[in-house]
2 protein chains.
Amino acid sequence: MSRKIFGVALALALGAGCSLNAIAQVKPEVLVEQRQAAMKLQGKYFFPLVAMAQGRAPYDAAVVARNAGYLDVLIRLAWDGFDPSTQGVKSRTLPETYSDSAKFKAAQETMFAEMTKFVTAAKSGNEASTKAAINDAAKACGGCHDAFRQKQ
Amino acid sequence: MSRKIFGVALALALGAGCSLNAIAQVKPEVLVEQRQAAMKLQGKYFFPLVAMAQGRAPYDAAVVARNAGYLDVLIRLAWDGFDPSTQGVKSRTLPETYSDSAKFKAAQETMFAEMTKFVTAAKSGNEASTKAAINDAAKACGGCHDAFRQKQ
């Protein structure tokens, strides 16, 4: 398969998740996979910082700064995946996500606010305020999971 | 479970993928899940642009600019997941990824170079040069997949 055709085939196969109006509707199963991918990467780059903030790992300012830059993007990528069309797809997402969308939206906004405070603190280079912001952001993550994600 | 303990538990459960020296070694299965998550999100935000570049979808400059910003981060997130420890984990990654690591590294660098040209073009706002850069970057993606990923 030529590389150009390869790209076209993949585009058709995987669908487009970023612009639901401009591109064909994405399958619910794909939306769930994409939002889970975003959450997984948030975990990859945020949990090590929680370990640093809680003294379980040495504080590494370079890693904190790099991950803050990554997270500033990653925190934006899951939300269009919580489309009502995905309610029938198996996942840990609770029905309240769709039945109380105002509360879900508010939880997102809390997370954005806390994560933005963390990114700002990380840029400042102040270790104490950055650690505090990491802990506050972790609480925002956990608060949303407590309310909208099935316990394992 | 309190939110703080929740965060700690998740951190311990999922491990840390970003700083292998500073944090406990991540399980191979987790590394594979994380690299697949990064690839999935690259697809989410890049394939719609390929459709635009190839005339299968209307060109949307705002979406192109937004996705370019996301991709500038996403293209950095998969590579530490191709650790030799993951060779025993089921995936589509071909053995050449590990047996010819110089060629794999060169393919990464080609992708970075083409994606960087695309991000620069997208920032310029020039539609023609951005479309050309998208097509070139798609070829770089496909070239690496052709060489290092099992066909489906």
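Residues numbered from 1 in each chain as written. Chains lettered and ligands numbered in written order. Predicted model: local features only at pLDDT ≥ 70, side-chain atom pairs only at ≥ 80, totals over all residues. Heavy atoms only, no water.

With respect to helix H2 (residues 28-53) of chain B
Residues and elements named next belong to chain B. The test is simple: For the purposes of this entry, the term helix denotes a DSSP run of H or I that reaches at least four residues, the term strand denotes a run of E that reaches at least two, and both are numbered from the N terminus. What a helix is expected to span follows from its residue count: subtract one and scale by 1.5 Å. The angle between axes fitted to the seven residues ending at a residue and the seven residues starting there is what we call the bend at that residue. Partly exposed residues are those whose accessible area sits between 20% and 50% of the maximum for their type, while under 20% is buried and over 50% is exposed, using a 1.4 Å probe and protein chains only.
The terminal C-alpha atoms of H2, which comprises 26 residues, lie 37 Å apart, in line with the 38 Å expected from a rise of 1.5 Å per residue. At Phe46, H2 shows its strongest bend, of approximately 30°, with the proline Pro48 following within four residues. Judged by how many residues are buried, H2 sits mostly within the fold: 20 of 26 residues are covered. Directly after H2, the chain includes Gly55, whose backbone phi takes a positive value near 80°.

Comments concerning the packing of aromatic side chains
All names here are of chain B. Here is the rule: Any two of the Phe, Tyr and Trp rings considered here, Trp counted by its six-membered ring, make a pair once their centres fall within 6.5 Å; the pair's planes then place it as stacked at under 30 degrees, edge-to-face at over 60, or tilted in between.
Per the counting criterion, the structure on display carries 14 aromatic pairs over all chains. Ring plane angle 65° and centroid distance 6.1 Å describe the contact between Phe46 and Phe118, whose orientation is recorded as edge-to-face. Taken together, the residues span a long stretch of sequence, with Phe46 in helix H2 and Phe118 in helix H5 (residues 101-124) at a distance of 72 residues. Given a relative accessible area of 4%, Phe46 falls into the buried group. The exposure class of Phe118 is buried, given its relative accessible area of 0%. Their ring planes at 70° and their centres at 5.1 Å tell us that Phe104 and Phe148 sit as a pair that is edge-to-face. Taken together, the residues Phe104 in helix H5 and Phe148 in helix H6 (residues 127-148) connect sequence positions 44 residues apart.

Remarks on helix H3 (residues 61-74) of chain A
Rule in force here: Pairs of residues are marked as contacts when any of their non-hydrogen atoms sit within 4.5 Å. For this analysis, a polar contact is any N or O atom pair within 3.5 Å, provided that within protein one partner can donate a hydrogen and the other can accept it, and provided that sequence-adjacent residues contribute only side-chain to side-chain pairs.
Over its 14 residues, H3(A) extends 19 Å from the first C-alpha to the last, a length consistent with the 20 Å expected when each residue adds 1.5 Å. If you check which residues of H3(A) are buried, you get A:Val63, A:Val64, A:Asn67, A:Ala68, A:Tyr70, A:Leu71, A:Val73 and A:Leu74. Close packing links the buried residues of H3(A) with helix H2 (28-53), helix H5 (101-124) and helix H6 (127-148) of chain A together with helix H3 (61-74) of chain B. Two to three positions downstream of the cap, the backbone nitrogen of A:Ala62 sits 3.1 Å from a side-chain oxygen, assigning the N-cap of H3(A) to A:Asp60.

Here we look at the nonpolar core
Under the convention used in this document: What we call a nonpolar core is a set of buried Ala, Val, Leu, Ile, Met, Phe, Trp, Tyr and Cys residues that are connected through their side-chain atoms within 4.5 Å.
Counting residues in each nonpolar core, the largest one holds 80 residues, and the members touching the most others are A:Phe46, A:Phe118, B:Phe46 and B:Phe118. Elements that contribute at least two residues to this core include exactly H2, H3, H5 and H6 of chain A together with H2, H3, H5 and H6 of chain B.

Quick notes on the packing of H2(A) against H3(A)
Residue and element names in this part refer to chain A. Basically, it comes down to this: Axis definition: a line fitted to C-alpha atoms, limited for helices to the stretch in contact. Angles are taken between N-to-C directions and run from 0 to 180 degrees. Left-handed describes a crossing whose near helix is turned anticlockwise from the far helix by less than a right angle; the clockwise case is right-handed. Polar here means any residue other than Ala, Val, Leu, Ile, Met, Phe, Trp, Tyr, Cys and Pro, which are nonpolar, and Asp, Glu, Lys and Arg, which are charged; Gly is therefore polar.
Orientation of H2 relative to H3, taken along the N-to-C sense of each, is 140°, at an axis distance of 10 Å. Both H2 and H3 take part in a crossing whose hand is left-handed. Between H2, through Leu41, Gln42, Tyr45, Phe46, Leu49 and Met52, and H3, the contact on the second element is made entirely by Val63, Val64, Arg66, Asn67, Tyr70, Leu71 and Leu74. Grouping the amino acids of the contact of H2 with H3 by side-chain chemistry returns 10 nonpolar, 2 polar and 1 charged.

So, the pattern of salt bridges
Keep this limit in mind: Salt bridges, as used here, are contacts in which a Lys or Arg side-chain nitrogen is within 4 Å of a carboxyl oxygen on Asp or Glu.
Per the stated rule, a full pass over the model turns up 10 salt bridges over all chains. Here A:Lys117 ties to A:Glu114 by a salt bridge, and the two come within 3.2 Å at their closest N and O atoms. Taken together, the residues A:Lys117 and A:Glu114, both in helix H5 and 3 residues apart, mark about one turn of the helix. Overall, A:Lys117 belongs to the partly exposed group, its relative accessible area being 44%. The partner of B:Asp72 in a salt bridge is B:Arg76, with the nearest N and O atoms 2.9 Å apart. Owing to a relative accessible area of 25%, B:Asp72 belongs among the partly exposed residues under this scheme.

Quick word on the packing of H2(A) against H6(A)
Residues and elements named next belong to chain A. Worth spelling out the cut-off: An angle below 35 degrees is treated as roughly parallel, one above 145 as roughly antiparallel, one from 65 to 115 as roughly perpendicular, and anything else as oblique.
For the pair H2 and H6, interaxial distance at closest approach is 9 Å and the crossing angle is 135°. Between H2 and H6, the crossing angle belongs to the class labelled oblique. The handedness of the crossing between H2 and H6 comes out as left-handed. Contacts between H2 and H6 pair Met39, Phe46, Leu49, Val50, Met52 and Ala53 from the former with Lys131, Ile134, Asn135, Ala137, Ala138, Cys141 and His145 from the latter. Grouping the amino acids of the contact of H2 with H6 by side-chain chemistry returns 10 nonpolar, 2 polar and 1 charged.

Quick word on the environment of A:Leu94
You can see A:Leu94 is positioned in the loop between H3 and helix H4 (96-99). Excluding residues that lie within four positions of it along the chain, A:Leu94 makes contacts with A:Ala147, A:Phe148, A:Arg149 and A:Gln150.

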